[in-house]
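Chains, contacts and geometry: an overview
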Amino acid sequence: YRQSIRDEFAAAIEAEHLADKEMAAWTKALANSRILQYPEARVNEVFENNKAVYTAFAHLNGMPYDEFFPAFYGLTVADAESIMLESAKNIVAQQLLLYAIARDMGIDVTDERFEEDLKATAAILGLNNVEALIEQLGGDKATLKEDKLYSQVITEVVAQAKFVILE
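Everything in this summary refers to the structure shown in the same document. (Residues numbered from 1 in each chain as written. Predicted model: local features only at pLDDT ≥ 70, side-chain atom pairs only at ≥ 80, totals over all residues. Heavy atoms only, no water.)

So, the nonpolar core
As a reminder of what qualifies: We define the nonpolar core as a collection of buried residues of types Ala, Val, Leu, Ile, Met, Phe, Trp, Tyr and Cys that are connected through side-chain atoms lying within 4.5 Å of one another. Each residue's exposure class comes from its accessible area (1.4 Å probe, protein chains only) as a fraction of the maximum for that residue type: buried when under 20%, exposed when over 50%, partly exposed otherwise. Secondary structure counts use DSSP, requiring at least four H or I residues in a row for a helix and at least two E residues in a row for a strand, with both numbered from the N terminus. The contact criterion used throughout is that any non-hydrogen atoms of two residues lie within 4.5 Å.
Ranked by internal contacts, the top residues of the largest apolar core, which has 21 residues, are Trp26, Ile101, Leu118, Leu149, Val153 and Val157. For this core, the secondary structure elements donating two or more residues are helix H1 (2-31), helix H4 (77-105), helix H5 (111-124), helix H6 (130-137) and helix H7 (141-160). Examining the composition of this core, we find that six residues originate from one element, H7, more than from any other. Filtering out sequence-adjacent residues up to four positions away, Val157 remains in contact with Ala25, Ile101 and Met105. Phe47, Tyr65, Phe68 and Val92 belong to the second-largest nonpolar core, a separate cluster that totals twelve residues.

Quick notes on a nonpolar patch on the surface
Here is the rule: The patches described consist of residues with a relative accessible area above 30% and no salt bridge, like charges being joined within 9 Å and nonpolar side chains (Val, Leu, Ile, Met, Phe, Trp, Tyr) within 5 Å. Only the protein chains shown count as cover for residues, with accessible areas throughout obtained via the Shrake-Rupley method and a probe of 1.4 Å. For this analysis, a salt bridge means a side-chain nitrogen from Lys or Arg found within 4 Å of a carboxyl oxygen belonging to Asp or Glu.
A cluster of nonpolar side chains, contributed by Val53, Phe57 and Leu60, occupies part of the molecular surface with about 310 Å² of accessible area. Its place among the elements puts Val53 in helix H2 (residues 40-60). Overall, the relative accessible area of 41% leaves Val53 in the partly exposed class.

Section: the packing of H2 against helix H3 (residues 65-73)
A pair of packed helices is characterised by two quantities: the angle between their axes and the separation of those axes. As a reminder, the rule being used: Angles run from 0 to 180 degrees between N-to-C directions of axes, and those axes are lines fitted to C-alpha atoms, restricted for helices to the stretch in contact. When an angle is under 35 degrees it counts as roughly parallel; over 145 it counts as roughly antiparallel; between 65 and 115 it counts as roughly perpendicular; any other value is oblique.
As a packed pair, H2 and H3 sit with axes 9 Å apart at the nearest point and diverge in direction by 80 degrees. By the angle class used here, H2 and H3 are roughly perpendicular. Of H3, the residues touching H2 (which contributes Lys51, Tyr54, Thr55, Phe57 and Ala58) are Tyr65, Phe68, Phe69 and Tyr73.

Things to note about the environment of Ile91
Assignment of secondary structure puts Ile91 in helix H4. For Ile91, a relative accessible area of 32% translates into the label partly exposed.

Side note on the packing of aromatic side chains
What counts here: Two rings from Phe, Tyr or Trp (for Trp, the six-membered ring) form a pair when their centres sit within 6.5 Å of each other. Planes less than 30 degrees apart are called stacked, planes more than 60 degrees apart edge-to-face, and all others tilted. We call a charge positioned above a ring when the Lys NZ or Arg CZ atom is no farther than 6 Å from the ring centre and deviates by at most 35 degrees from the ring normal.
The tally for this structure, following the rule as stated, stands at ten aromatic pairs. Relative to Tyr150, the ring of Trp26 lies with its centre 5.1 Å away and its plane at 80 degrees, an arrangement referred to as edge-to-face. With Trp26 in helix H1 and Tyr150 in helix H7, this pair connects stretches of sequence that are 124 residues apart. When its relative accessible area of 6% is taken as the criterion, Trp26 is described as buried. Ring pairs connect the aromatic residues Tyr54, Phe57, Tyr65, Phe68, Phe69, Phe72 and Tyr73, which therefore count as one cluster. Above the ring of Tyr38, the side-chain terminus of Lys89 is found at 5.8 Å from the ring centroid.

Here we look at the packing of H1 against H4
Interhelical geometry of H1 versus H4 gives an angle of 100 degrees and a closest axis separation of 10 Å. As the angle between them shows, H1 and H4 are arranged roughly perpendicular. Of the residues in H4, those touching H1 at Trp26, Ala29 and Leu30 are Asn90, Ala93, Gln94, Leu97, Leu98 and Ile101.

Re H3
Quick note on the threshold: Throughout, the arc means that of the directions going from the helix axis to the C-beta atoms.
Residues of H3 that are buried include every one of Tyr65, Phe68 and Phe69, and no others. The buried side chains of H3 occupy one side of the element, clustering within an arc of 85 degrees when seen end-on. Seen from the open side of H3, the exposed residues pointing more than 90 degrees away from its buried face are Asp66 and Ala71. Contacts made by the buried residues of H3 are with H2 and H4. Gly74 occupies a position one or two residues after H3 and carries a positive phi of about 70 degrees.

If you want it as structure tokens, here you go:
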């Protein structure tokens, strides 16, 4: 029993250590990247998605969108939308970085392999089909595929990174 507790504790520490390495490597890669030009259509799409989320939050709280930010955050709508625009640019920057690193490292998630992985995961979870899995995960295929690409990229980035432990 004691050994199983030790093993669980060691596994939890190792998982946390790996997550810290992944975050550090990704943060460093992002800090060392430079976006020459943001794809305006993609930034607008992410911004509009964020705006739709806040519009839904406002409606859930029984108020119009333009009253939500002053009431909950003490911000003007213009200030809140400026923050959302910067957030959209950050998300797009991370996507651009992800695809640039994947291209440079020769990492790709093919549609065929991705579909096979989805089917296998659905079967393991006892789900009837891939659509049920996607619904359960709360995403869409494009997002899930991008998540899989990120997982492969960050694994390789961490493997190639040199970490220094500061005391």
